Amino acid sequence: MVSKNTICLWYDGGALDAAKFYAQTFPDSTVGAVHHAPGDYPDGKQGDVLTVEFTVMGIPCIGLNGGPMFKHSEAFSFQVATDDQAETDRLWDAIVGNGGKESECGWCKDKWGLSWQITPRALTDAFTHPDKKVAKRAFDAMMKMQKIDIATIEAAVRG
């Protein structure tokens with residue numbers, strides 16, 4: 001059964017593959033019901049996968065195979081708080097290594113164009129530090145990174 005409030009993500013035929021990837025990659029993620037089109041539609045045929053119910057880290061989602069007219073953008077992203085460098089590396093490398101693309105400041109895109117922020121808690125703690133000079137050093141260090149390197153952020157905090 002679909003949650004009362006569910007994120008709907010539009011795909012060009014890749015909803016089931018994306019849901020399976022998320023379920024294999026992120027904790028507390030599953031693939032639920034797969035619904036097939038009861039008839040032909042503009043970008044598919046009767047029997048094609050139309051929607052996929054899934055969760056990403058406990059967040060209910062529906063993947064809609066709606067066709068190529070709408071693309072994912074950075075205006076929507078999943079922000080994943082990581083606890084250490086190993087978790088940061090594992091998630092970043094899974095997304096980028098599966099046909100995704102690196103971006104700046106901890107952002108990357110999966111092969112379906114969905115944006116992810118792989119954000120170590122140490123980074124958030126550093127750039128929200130009550131000492132504005134410490135926060136600025138951490139922020140400036142982050143601005144030079146793609147994947148976040150916690151050791152570099154911690155060095156920036158120390159000055």
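Before reading on, note that the structure itself is shown above.
What counts as what
- Within every chain, residues take consecutive numbers counted from 1 along the sequence as written.
- Under the rules for a predicted model, residues below a pLDDT of 70 receive no local features and side-chain atom pairs below 80 are neither given nor counted, while totals for whole chains, interfaces and linings still include all residues.
- Excluding hydrogens and water, the side-chain figures rest on all heavy atoms present in the structure.
- Between any two strands, pairing holds if DSSP finds at least two bridges.
- Numbering of helices and strands runs from the N terminus; a helix is a DSSP stretch of H or I covering at least four residues, while a strand is a stretch of E covering at least two.
- Lines fitted to C-alpha atoms define the axes, with helix axes restricted to the stretch in contact, and inter-axis angles between N-to-C directions lie between 0 and 180 degrees.
- Note on definitions: a residue-residue contact is assigned when non-hydrogen atoms from the two residues lie within 4.5 Å.
- Each residue is assigned to one of three classes by its accessible area relative to the maximum for its type, calculated with a 1.4 Å probe on protein chains only: buried under 20%, partly exposed between the two thresholds, exposed over 50%.
- Each direction from the helix axis to a C-beta atom contributes to the arc, which is the arc of those directions.

1. Some words on the sheet that holds strand β4 (residues 59–65)
Right, so step 1: Read across the open sheet, the 4 strands follow the order β1-β4-β3-β2; overall the sheet is mixed. The sheet is open, and its two borders are formed by β1 (7–11) and β2 (30–36), each paired with just one other strand. Across this sheet, the average inter-strand angle for adjacent strands is 20°, counted without regard to direction.
Right, so step 2: Contacts between helix α1 (residues 15–25) and the sheet are confined to β1, β2, β3 (49–56) and β4, with β3 contributing the most and set at about 15° to the helix.

2. Some details on the environment of T6
Right, so step 1: Secondary-structure assignment places T6 in the segment before β1.
Right, so step 2: The spatial distance from the C-alpha of T6 to the C-alpha of G97 is 28 Å, given a sequence separation of 91 residues.
Right, so step 3: With near-sequence residues (within four places) excluded, T6 lies in contact with P60, C61 and I62.

3. Re α1
Right, so step 1: Buried within α1 we find A15, A18, A19, F21, Y22 and T25. For α1, the angular spread of buried residues about the axis comes to 160°, placing them on one side.
Right, so step 2: Of the surrounding secondary structure, the elements contacted by the buried residues of α1 are β1, β2, β3, β4, α2 (85–97) and β8 (115–120).

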